[in-house]
Amino acid sequence: MRVEPDAAAAASGPRADTPVRFVRGVGPQRGAALAAAGIETAGDLLFHLPGRYDDWRHEQPASAVRSEGPWTLRGELRDVRVVRTRRRGLALVRAVLCDESGGIPVIWFNQPYLANRIEAGTTYRLHGPARPSEGGRWELINPTLRPVAEGEPPRGLVPVYPPLRGVGPATLAKVIGGLLPLLAQPGEIPEPLPAALRARYGLPPLAEALHWLHQPPYEAGLEELASRHSPARSRLVYGELLELQLELALLRLRGAEERKPHRYRIDDEVRAAARAALPFRLTGAQKRVLREIVTDLARPEPMLRLLQGDVGSGKTIVAALALVVAVESGLQGAFMAPTELLAEQHFANLSRLLGNRYRLALLSSSRRDPESRAALSRGEVQIAVGTHALLQERIDFRDLGLAVIDEQHRFGVEQRLQLQRKGARPDLLVMTATPIPRSLALTIYGDLEISCLDELPPGRTPIATEVLPASERRQVYRRLRQELSGGGQAYLVFPLIEGSESISAEAVAELGSQAREYLAPLPSAVLHGRLGADERERVMREFASGRVRVLVATTVIEVGVDVPEATWMVIESAERFGLAQLHQLRGRIGRGPRPSRCIALHGRLTEAGRRRLEIFASSQDGFRLAEADLELRGPGDVLGWRQSGLPSFRFAHPLLDQAWLERARTDAAELAGRWAEPELEPLRARVEPRLAQRLGRLAGG
Ligand code: ADP
Ligand code: MG
């Protein structure tokens, strides 16, 4: 592969660091839009890759068009005219392309300006799909067209760029095409990878890889261009992953203290204390995981362990026992949940398990409790329960040993450093019901250990799941009333509407009050995020005690709520939820010995929506559901990625590129060990600013 320098363009053209608005064809308005999307310089534009390629290499006679194509034709355009459709007044441009073999009609929709641009009698190349029209003839639809200069060879593979902040494919092709000479100028796009690494994996230099993708050689294969395994694509994937792994490795090196200041006492007495707290026999998986945790606690370095376990697998008791070990060692513990509601519930549970022997306190932002806080800083409160904000706020522990973070899968290196900067170096146990592949977990956290609860506690009954149209709501309520006449409890779940808690509260109030009226005299209550802490706590207490039989709720109950007597769940507008969320919701039932039933009511369904609900009804296995979701939607959504601000990749795919991820991890560790070497300067120039940004964010809180 060779890159042809273009001296003329180089002399007058932009540099890689030219602000994007000064690039020819961009201008201030588009420039501002691109800059807002993180594309600030000409060089940045070169990393915006074609989404596909049009193959203009095989020109055909017009008479050959007998299928959808796409086709490449060459000829004169005649009879160009604008036609207004009667129905909607849309402007069509019609023409006829003529070559030696005959003629074929051409139609452009919504591009009336073309009529003035096309010059009669000029030869054009056209590329686009065809469709059959009346009378069994074929016509070309919306083809791209290019005038042909005398003796010009056929066009090759033409990149088609995905639109970028309102800048369309045609503009991007022109703008980026004009920047390609930069790739041949030494020093403009410096090569970050050391030659030895490139050689190890047979990867081309960065500039060459970009050039190949923007302007593939005439003979390139479409399949190779589309493949993520081409050397060029692999170069970008590996480069991206290596830089991220370097950030994580360096963060660790710069921030992490090797040793923790606290010690655990792990002996028979502590074991007996833990056993005393146990209300049931642990499953094999729980025992194994607890052993893994205790082994970590005994180490001199702080623990960072992720505990994965499907909904209902019994993560809480494992965490509670680990907290016993901490408290029995004279240390303090923290237990944090994603919502106040959950924190309140964990506080109630943990108090029941441990409250007669240890002092616990519930600390939340809606509850200023100076007395508990003072007791915590004196070391008298042994376990603090609160939301995830607990560690971020100015809450002083006297001697924090172990922090448990529930239902969270993005507590990574950065958050740990944030804690350390505040002088805390606790052992961290992060718990999640989201199944994350190991490679992805490593991407997010850098280094961490993973434990897995792969066994449900005994006595669980499978949940029957039905998917029904909302028009059956009446019958469903009738069945529910019948079911509840024999005892038991139920959830009625309403979705958040447009993510707005206030609208959602109204919707719940509205639909919920209809439901409650219908189910009366069964005692029911309403729960949503806008209720005050006291009110919420009161409602949950009433429901947990069985006095309230029907809980009408938003997704505030999605995670963690544990009321084993509740066996029915009706989910309204189920099509609005993702699979992972549906699974979490359904996990609130099926927690006791009585058989449970989940009914998903839905409005109008898209094809994907129907598929999703079918899968939901067909399985109760979180890992299987996550896999299916992955196929339906791609990894970002499954892992709640986009919402949660996890790293998103431009080139790499966290699941498809696992092999590159592992290599990048190993190589990053090695490079971080010799980071000051001159050879690594270009890599430092790319990684250091982002690292500084991360550290700056940490320092800023
Ligand atoms: P999750 O992993 O979803 O957080 P929980 O910790 O809330 O699950 O546990 C779900 C339910 O299972 C709780 O009611 C808990 O008391 C019960 N449970 C957990 N472990 C066992 C066990 N070994 N035997 C019986 N019940 C258990
Ligand atoms: Mg839980």
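For the structure, check the block above.
As a convention, each chain's residues are numbered from 1 in the sequence order in which they are written. As a convention, the first chain written is A and the first ligand written is 1, with the rest following in written order. Local features in this predicted model are restricted to residues of pLDDT 70 or higher, and side-chain atom pairs are both shown and tallied only at a pLDDT of 80 or more, whereas totals for entire chains, interfaces and linings draw on every residue. Hydrogens and water are ignored here; the side-chain numbers use all heavy atoms of the structure.

> So what's going on with the overall build of the protein chain? Which residues, and what values?
By definition, any uninterrupted DSSP run of H or I lasting at least four residues is a helix, any uninterrupted run of E lasting at least two residues is a strand, and each is numbered from the N terminus. Counting its secondary structure elements, the protein chain contains 26 helices and 22 strands. For the exposure calls, accessible area comes from a 1.4 Å probe over protein chains only, and a residue counts as buried if that area is under 20% of its type's maximum, exposed if over 50%, partly exposed in between. Counting all 701 residues of the protein chain, 52% fall into the buried class. Across the protein chain, every contact between residues at least 6 apart in sequence was considered, and the portion connecting residues at least 24 apart equals 73%. On the protein chain, roughly 32700 Å² of surface is accessible, and the fraction owed to carbon and sulfur atoms is 49%. For this analysis, residues touch if any pair of their heavy atoms sits within 4.5 Å. Each accessible area is a Shrake-Rupley estimate made with a 1.4 Å probe; only the visible protein chains count as cover when residues are assessed.

> Before we move on, could you go through the nonpolar core and cite the residues and values that matter?
Take the buried residues of types Ala, Val, Leu, Ile, Met, Phe, Trp, Tyr and Cys, join any two whose side-chain atoms come within 4.5 Å, and each joined set is a nonpolar core. Ranked by internal contacts, the top residues of the largest apolar core, which has 61 residues, are Leu34, Leu45, Leu46, Tyr238, Leu241, Leu242 and Leu246. Within the residue set of this core, elements represented by two or more residues are α3 (42–45), α5 (169–179), α7 (206–214), α9 (231–255), α25 (658–672) and α26 (681–699). In terms of nonpolar packing, the next biggest core, distinct from the first, is built from 42 residues, Ala285, Val294, Met303 and Val318 among them.

> Report on the site of ligand 1, specifying residues and quantitative values.
Throughout, near means a residue has at least one heavy atom within 4 Å of the molecule or strand. Around ligand 1, 16 residues are found, and the nearest of them are Arg281, Gly312, Thr316, Arg460 and Asp562. With respect to ligand 1, the backbone of Ser313 contributes an N or O atom lying 3.4 Å from an oxygen atom. Pairs of N or O atoms within 3.5 Å make up the polar contacts considered here, provided that, within protein, one atom can donate a hydrogen while the other can accept it, and that residues adjacent in sequence are counted only when both atoms are side-chain atoms. One of the side-chain N or O atoms of Thr316 is found 2.6 Å from an oxygen atom in ligand 1. Across the shell around ligand 1, the residue classes break down as four nonpolar, six polar and six charged. Gly falls in the polar group here, along with every residue not listed as nonpolar (Ala, Val, Leu, Ile, Met, Phe, Trp, Tyr, Cys, Pro) or charged (Asp, Glu, Lys, Arg).

> How would you explain the pattern of salt bridges if you had to name every residue and give the values?
By convention in these notes, a salt bridge is any Lys or Arg side-chain nitrogen within 4 Å of a carboxyl oxygen on Asp or Glu. This model, assessed by the stated rule, comprises 40 salt bridges. The salt bridge involving Asp454 is made with Arg288; its shortest N-O contact spans 3.8 Å. Of this pair, Asp454 sits in the loop between β16 (449–453) and β17 (463–469) while Arg288 sits in helix α11 (residues 284–297), placing them 166 residues apart in sequence. We classify Asp454 as exposed; its relative accessible area is 58%. The network of salt bridges with shared partners includes Arg288, Glu292, Asp296, Arg299, Arg305 and Asp454.

> Help me get a handle on the pairing of strand β10 (residues 304–309), residues and values and all.
In terms of burial, β10 is largely enclosed, as six of its six residues are buried. Neither face of β10 is exposed, since Leu304, Leu306 and Gln308 on one face and Arg305, Leu307 and Gly309 on the opposite face are all buried. Both β10 and strand β15 (residues 427–432) contribute to a ladder of five bridges, which runs parallel. In the sheet register, Leu307 faces β15, and the bridge partner there is Met431. Two strands are said to pair when DSSP picks up at least two bridges between them. Across five bridges, the pairing between β10 and β16 is parallel. Across the sheet, residue Leu307 finds its bridge partner in β16, namely Ser451.

> Let's hear about the sheet that holds strand β11 (residues 332–337): which residues, and what values?
What the seven strands build is an open sheet, ordered β12-β13-β11-β14-β15-β10-β16; its pairing is parallel. Every interior strand has two partners, whereas the edge strands, β12 (360–363) and β16, have only one. For this sheet the average axis-to-axis angle between neighbouring strands, irrespective of direction, equals 20°. Two strands pair when backbone bridges link them, and strand β14 (residues 400–405) and β15 are joined in this way by four bridges, in the parallel orientation. Note on β15: the bridge partner recorded for Leu402 is Asp427. Axis lines are fitted to C-alpha atoms, over the contacting stretch for helices. Their N-to-C directions set the angle, which ranges from 0 to 180 degrees. The strands touched by helix α12 (residues 315–328) within the sheet are β10, β11, β13 (383–387), β14, β15 and β16, with β11 carrying the most contacts at an inclination of about 155°. Packing of helix α14 (residues 370–377) onto the sheet brings it into contact with β11, β12 and β13, and relative to β12 it is tilted by some 125°.

> Which residues make up the side chain of Ser619, and what values go with them?
You can see Ser619 is positioned in the loop between α21 (607–618) and α22 (622–633). From its side chain, Ser619 meets the backbone nitrogen of Asp621 in a polar contact 3.0 Å long. Excluding residues within four positions of it along the chain, Ser619 makes contact with Arg586, Arg624 and Leu625.

> Explain the side chain of Asp657 to me, and be specific about the residues and the numbers.
Mapping Asp657 onto the fold places it in the loop between α24 (641–644) and α25. In this structure Asp657 comes out as buried when scored by relative accessible area, which is 2%. Once you skip the residues sitting within four places of it in the chain, Asp657 turns out to touch Arg228, Val237, Leu241, Phe651 and Ala652.

> Give a detailed account of the packing of aromatic side chains, specifying residues and quantitative values.
Ring pairs are drawn from Phe, Tyr and Trp, using the six-membered ring of Trp, whenever the two centres fall within 6.5 Å, and their geometry is named by plane angle: stacked under 30 degrees, edge-to-face over 60, tilted for the rest. Considering all chains together, one arrives at six aromatic pairs under this definition. Ring centres of Tyr201 and Trp660 lie 5.4 Å apart, and the angle between their planes is 85°; on these two criteria the pair is classed as edge-to-face. Here the residue Tyr201 occupies a position in helix α6 (residues 195–201), and Trp660 occupies one in helix α25, the gap between them amounting to 459 residues. What links up through ring pairs into an aromatic cluster is the set Tyr201, Tyr238 and Trp660. Criterion for a charge above a ring: Arg CZ or Lys NZ at most 6 Å from the ring centre, at most 35 degrees from the ring normal. A cation over an aromatic ring shows up here: Arg155 above the ring of Trp56, its NZ or CZ 4.6 Å from the ring centre. Directly above the ring of Trp660 sits Arg663, whose terminal nitrogen or CZ lies 4.3 Å from the centroid.

> Explain the sheet that holds strand β4 (residues 102–109) residue by residue, including any values.
The mixed open sheet is built from seven strands, whose spatial order is β6-β7-β4-β3-β2-β5-β8. Here the strands that pair on one side only, and so sit at the sheet edges, are β6 (130–132) and β8 (144–147). Sheet twist, expressed as the average angle between the axes of neighbouring strands with direction ignored, equals 40°. Pairing of strand β5 (residues 123–128) with β8, which is carried by four bridges, proceeds in the antiparallel orientation. Bridging from a neighbouring strand, Arg125 pairs with Arg146 of β8.

> Can you tell me about the packing of helix α20 (residues 579–586) against α21, naming the residues and giving the values?
Remark: α20 packs on α21, axes separated minimally by 10 Å, with the N-to-C direction vectors making an angle of 35°. Between α20 and α21 the crossing geometry is right-handed. Contact residues: α20 offers Leu579, Leu582, His583 and Arg586, while α21 offers Arg612, Leu613, Ile615 and Phe616. Here the contact of α20 with α21 is composed, by residue class, of five nonpolar, one polar and two charged. Note on convention: near helix rotated counterclockwise from far helix by under a right angle means a left-handed crossing. Clockwise means right-handed.

> Can you explain α20? Please cite residues and give values.
Side chains of residues three or four places apart in an α-helix project in the same direction, reflecting 3.6 residues per turn. The element α20 is largely enclosed, with a buried count of six among its eight residues. Residues of α20 that are buried include every one of Leu579, Leu582, His583, Gln584, Leu585 and Arg586, and no others.

> Help me get a handle on the layout of surface pockets, residues and values and all.
Of the pockets and cavities examined, the second largest pocket occupies roughly 1600 Å³. Looking at the second largest pocket, it is lined by 49 residues, and the ones nearest its centre are Thr144, Arg146, Arg155, Val158 and Ala170. When contributions to the lining of the second largest pocket are tallied by element, the ones reaching two or more residues are β1 (52–55), β2 (71–84), α4 (114–117), β5, β8, β9 (157–160) and α5. Counting residues per element, the lining of the second largest pocket draws most heavily on α5, at six residues. Classifying every residue of the lining of the second largest pocket gives 27 nonpolar, 14 polar and eight charged. For cavity detection a 1 Å grid was placed over the protein atoms alone, and a set of points counts as a cavity when a 1.4 Å probe fits there but cannot get out; an open set counts as a pocket when protein lies on both sides within 12 Å along at least five of seven lines, with lining residues being those that have an atom within 4 Å of a point. Grid points are joined across faces, edges and corners, and a volume is the space filled by probe spheres set on the points.

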